[in-house]
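Examination of the molecular architecture
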Amino acid sequence: MNTDELLTLLAIAEEDRDDCLALLRGDRDRTTVNEVLDALARSFGTFDEVPLDEPTKDELTWLHAFLLFTPTLVEWHRARGIPEDVTRDTLADVGRHVAISRRVTGEFGLQTWRWLTHHLTARIFALGRLQFALQRTKVAYAGAFEEGDWVLALHIPESGPLRPDLVDESLSLASGFFAEHFPDKPVTVATCDSWMLDPYLVERMPAETNVGSFIRRFTPLGVTKDAPAEALYFVFRTRDLSRVPELPRETSLQRAVLERADRGETWQLAWGYLDLPAGTAAPSREAVSSLA
Ligand SMILES: CC(C)(COP(=O)(O)OP(=O)(O)OC[C@H]1O[C@@H](n2cnc3c(N)ncnc32)[C@H](O)[C@@H]1OP(=O)(O)O)[C@@H](O)C(=O)NCCC(=O)NCCS
């Protein structure tokens, strides 16, 4: 694939393209990029059974490696018959996060490079509205899963409304997709570890809202963790709690987040699960040869 096709596949925005091209021209230290490429290759396709090494925390070195490693991922998807639209939707998160980085910092970068390692090690797939990472649980929860069971860790990209019909469709696609492509790793449960599952939000967001309806799908696993800036980051894209007084209070979600901070309470990350529905047919199958 040529560079244009690569940047399009990764949904790199127009304003970030020149910076990506400059990265690829490579006046940075190539030794560390190669170390990152080796780390990606070791963990690749193991669904985190081989945890990823982090030879550096330099975000642009990671992005450079992601650009170089993408053809390997595409080839792996193709060899498994994964539809081209799944590959594209999955990799579009790279461009989305480069854009989020620019929105947050005003500069080209990839603050969330660690998140994108899910994608480049072939652990995560975008199926409709949601993303699903296939992984083994490290703990057991009675009635939900045993230690070592395969589950889908569910993630919500910032890609428009979280309408219940889209969530239904996505869950159903996931059941069909993983049964078809990874039959040796059977899944019946999706888990979610998110600021959105803080029980406080159930009180604040009615079931009629998209957020309210989404969070009510999950059975709490009784695991919560202090995460003071997590909701702030996802709603306002800042982790700076000192900005609470100046942030906008226009929407009910913004008010829910800020009014809690006003009271000095700490936001919680909470973990829940839901049973996957019976799967429908996988998304439209297209030849993926054009990606090679
Ligand atoms: C999750 C998300 C898709 C929900 O969006 P949605 O479908 O528009 O949500 P709803 O329709 O239920 O919105 C309910 C209210 O919250 C507001 N709202 C939703 N998301 C918002 C956001 N990111 N920022 C500010 N307000 C938001 C809506 O405007 C609406 O306000 P109103 O009641 O005053 O009219 C959206 O918040 C988002 O993209 N978040 C970032 C991604 C994320 O948090 N992922 C989870 C990571 S663990």
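Reading the values: the criteria
Residues numbered from 1 in each chain as written. Predicted model: local features only at pLDDT ≥ 70, side-chain atom pairs only at ≥ 80, totals over all residues. Heavy atoms only, no water. Buried < 20%, exposed > 50% of the residue type's maximum accessible area, 1.4 Å probe, protein only. Helix = DSSP H or I, 4+ residues; strand = E, 2+ residues; numbered from the N terminus. Pairing = 2+ DSSP bridges. Domains from an automatic or database assignment. Buried area = accessible area lost by both parts, 1.4 Å probe. Salt bridge = Lys/Arg side-chain N within 4 Å of Asp/Glu carboxyl O. Nonpolar A, V, L, I, M, F, W, Y, C, P; charged D, E, K, R; others polar. Near = heavy atom within 4 Å. Polar contact = N/O pair within 3.5 Å; in protein donor to acceptor, adjacent residues only side chain to side chain. Areas by Shrake-Rupley, 256 points an atom, 1.4 Å probe, with all protein chains shown as cover. Axes fitted to C-alpha atoms, helices over the stretch in contact; angles between N-to-C directions. Parallel < 35°, antiparallel > 145°, perpendicular 65-115°, else oblique. Contact = heavy atoms within 4.5 Å.

Examining the pairing of strand 1 (residues 124–127)
Sheet faces and side chains relate simply in a regular strand, where the side chains alternate between the two faces. Side-chain alternation along strand 1 places Ile-124 and Ala-126 on one buried face and Phe-125 and Leu-127 on a second face that is also buried. The pairing of strand 1 with strand 2 (residues 130–136) spans four bridges and is antiparallel. Note that in strand 2 the partner of Ala-126 across the bridge is Gln-131. Linking strand 1 to strand 2, which pair antiparallel, is a turn of two residues; within it Gly-128 sits at a positive phi near 70°.

Describing the domain arrangement of the protein
In terms of domain boundaries, the protein breaks down into domain 1 (1–122) and domain 2 (125–227 + 267–286). Regarding the contact of domain 1 and domain 2, the summed buried area is about 1,700 Å², with carbon and sulfur atoms giving 58% of it. Applying the counting rule to domain 1 against domain 2 returns two salt bridges. Secondary structure elements with two or more residues in the side of domain 1 that touches domain 2: helix 4 (59–79), helix 5 (84–105) and helix 6 (113–120). If one sorts the elements of the side of domain 1 that touches domain 2 by residue count, helix 5 sits on top with nine residues. Its residues assigned to classes, the side of domain 1 that touches domain 2 comprises eight nonpolar, five polar and nine charged.

Remarks on the site of the ligand
Around the ligand lies a shell of 19 residues, among which Ile-156, Leu-162, Asn-210, Val-211 and Ser-252 are the nearest. The backbone of Ile-156 places a nitrogen or oxygen atom 2.8 Å from a nitrogen atom of the ligand. In this structure, an oxygen atom belonging to the ligand sits 2.7 Å away from a main-chain N or O atom of Val-211. Coverage of the ligand by the protein amounts to 73% of the 910 Å² it exposes when considered alone. Those elements giving two or more residues to the shell around the ligand turn out to be helix 9 (210–215), helix 10 (230–236) and helix 11 (252–262). Of the residues that constitute the shell around the ligand, the class distribution is 10 nonpolar, seven polar and two charged.

Side note on the packing of helix 2 (residues 14–25) against helix 5
Viewed as axis vectors pointing N to C, helix 2 and helix 5 meet at an angle of 100°, and their least axial separation amounts to 10 Å. With respect to helix 5, the axis of helix 2 lies roughly perpendicular. The segment helix 2 lies against helix 5, with Glu-15, Asp-16 and Asp-19 engaging Val-98, Ala-99 and Arg-102. Across the contact of helix 2 with helix 5, the residue classes break down as two nonpolar, no polar and four charged.

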